[in-house]
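Residue-level structure breakdown
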Amino acid sequence: MKQASAKKDVVLIVDDSPDTLSMLNDTLDQAGITVLVALEGAQALTIAATITPDVILMDALMPNMDGFEACRRLKENRDLAHIPVIFMTGLSDTESIVKGFAAGGVDYITKPVKGDELIARMRAHLNNARLTLSARVALDNTGSFLFSASAEGNLLWATPQAYHLLEDAGLNNAWLDENLPSQLRQLLAPHYNRDKGLLVKAADKPLEIRYISQTGNDEYLLQLIDMERPSDLERLRAALPITERESEVLLWIAHGKTNREIGTILDMSPRTANKHLEQIFRKLNVENRTAAAVVALKHLPS
């Protein structure tokens, strides 16, 4: 029986130069990559919202909406913010490079573009984006109240459950834009004791924000705690003789995650996750992951 072919990567090229478009289309097509084309920023946003690409190659300078503005708007869309954007520009001055990263780009290459270099960089960013997206999907599916923010306190993404909890607390988008950044900057400041968390002000119900880990150069993973009900981690800690970190690993074991997936989610190596798992087996007097998951699920809401 004929095997199904692997899904091809989809790349959106945003450039107003016919020569550049032709060269990039030929280079990517030879690499087995599906190519979408936009001639300016607004058109790129429309295409990305219709056919979500795996990566975007963005020209910095274009008529109407330039690449910087298009990237900023892309990152404001929760459904598209995970797409890595690589800027293409003939400018190599520091100001333009900084402007590209500030807009949300993950990398830049200067024109004329070298095909081999482009493919190598693009593959690296694709792999990183897929790992990050896989972790976020896992978090979404397990009902975790998690979100990430920049060092300036700007909300980058949140699981649906975190958004729902914020809404239940009476915190609308205006509050998130105007008040959340200043509170998060306090939590993320170097001198702040991150172990004790931060109580959220101006809420209809008490919430606490807890620091989880730094997941990127300017990205921090945080957790929302509903102070009116115990979390799954607190249930496991209260019922079982395990540490806080072990309870985190056990929770993801209960949700069927591998050591590699747990490492990505908790920002640890798979080997470290396995070390925690060995301690969990010993403390729970079980012999394998399935038995440990069964013990955990007995103490979690169905």
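All values derive from a computational prediction rather than experimental measurement.

The next point concerns the overall build of the protein chain. Scanning the protein chain from terminus to terminus reveals 13 helices and ten strands. Each of the 302 residues in the protein chain was classed as buried or not, and the buried ones make up 46%. The contacts of the protein chain with a sequence gap of at least 6 include a subset with a gap of at least 24, amounting to 55%. As presented, the protein chain carries roughly 16,000 Å² of accessible surface, and 49% of it is formed by carbon and sulfur atoms.

Right, let's get into unusual backbone geometry. Even without glycine at this site, Asn64 takes up a positive phi of about 65°. Tracing the sequence through the fold places Asn64 in the loop between strand S3 (55–59) and helix H3 (67–76). Here Asn64 falls in the exposed class, since its relative accessible area comes to 76%. Not every positive phi belongs to a glycine, and Asp267 is a case in point at roughly 60°. Within the secondary structure, Asp267 sits in the loop between helix H11 (259–266) and helix H12 (270–284). With relative accessibility at 44%, the residue Asp267 sits in the partly exposed group.

Taken as a whole and judged by the stated rule, the model has ten salt bridges. Among the salt bridges present, the one from Arg72 reaches Glu69, with a minimum N-O distance of 3.1 Å. Placement of the pair is Arg72 and Glu69 together in helix H3, with a separation of three residues, close to one helical turn. Under the relative-accessibility criterion, Arg72 is labelled partly exposed at 34%. Given the relative accessible area of 25%, Glu69 is considered partly exposed. We note a salt bridge from Asp107 to Arg121, for which the minimum N-O separation is 3.2 Å.

Next up on the list: the sheet that holds strand S6 (residues 146–149). The strand order S7-S6-S10-S9-S8 describes an open sheet built from five strands, whose pairing is antiparallel. At either end of the open sheet lies a strand with only one pairing partner, and these are strand S7 (155–158) and strand S8 (198–199). Inspection of the sheet shows S8 paired to strand S9 (residues 207–216) by two bridges, in the antiparallel sense. Bridged to Leu198 within S9 is Ile209.

A few words on empty space enclosed by the protein. In this structure the tally under the stated criterion is two cavities of 30 Å³ or more. In this structure, the largest cavity encloses a volume near 50 Å³. Lining the largest cavity, in full, are Ala60, Phe68, Phe87, Thr89, Ser96, Ile97, Gly100, Phe101, Asp107 and Tyr108. When contributions to the lining of the largest cavity are tallied by element, the ones reaching two or more residues are strand S4 (85–89), helix H4 (94–102) and strand S5 (107–110). Among the elements that take part in the lining of the largest cavity, H4 stands out by supplying four residues, more than any other. For the lining of the largest cavity, the class distribution of residues is six nonpolar, three polar and one charged. The calculated volume of the second largest cavity comes to roughly 30 Å³. Phe147, Leu166, Leu171, Trp175, Leu180, Val200, Ile209 and Leu224 are the residues that line the second largest cavity. Class assignment for the residues of the lining of the second largest cavity results in eight nonpolar, no polar and no charged.

Of all the residues in H11, the buried ones are Asn259, Ile262, Gly263, Ile265 and Leu266. Down the axis of H11, the smallest arc covering the buried residues is 165°, so these residues share one side. Once H11 ends, the next one or two residues include Asp267, with phi positive near 60°.

A few words now on helix H13 (residues 289–297). Residues Ala292, Ala293, Val295 and Ala296 constitute the buried set of H13. End-on, the buried residues of H13 take up no more than an arc of 160°, which puts them together on one face. Contact partners of the buried residues in H13: helix H9 (232–239), helix H10 (244–254) and H12. The backbone nitrogen of Thr290 has a side-chain oxygen 3.2 Å away, supplied by the residue at the start of H13, namely Asn288.

Each value, and the rule that gives it
Residues numbered from 1 in each chain as written. Predicted model: local features only at pLDDT ≥ 70, side-chain atom pairs only at ≥ 80, totals over all residues. Heavy atoms only, no water. Helix = DSSP H or I, 4+ residues; strand = E, 2+ residues; numbered from the N terminus. Buried < 20%, exposed > 50% of the residue type's maximum accessible area, 1.4 Å probe, protein only. Contact = heavy atoms within 4.5 Å. Areas by Shrake-Rupley, 256 points an atom, 1.4 Å probe, with all protein chains shown as cover. Salt bridge = Lys/Arg side-chain N within 4 Å of Asp/Glu carboxyl O. Pairing = 2+ DSSP bridges. 1 Å grid on protein atoms, 1.4 Å probe; cavity = no way out; pocket = protein on both sides within 12 Å on 5 of 7 lines; lining within 4 Å. Points joined across faces, edges and corners; volume = space filled by probe spheres on them. Nonpolar A, V, L, I, M, F, W, Y, C, P; charged D, E, K, R; others polar. Arc of directions from axis to C-beta. Polar contact = N/O pair within 3.5 Å; in protein donor to acceptor, adjacent residues only side chain to side chain.

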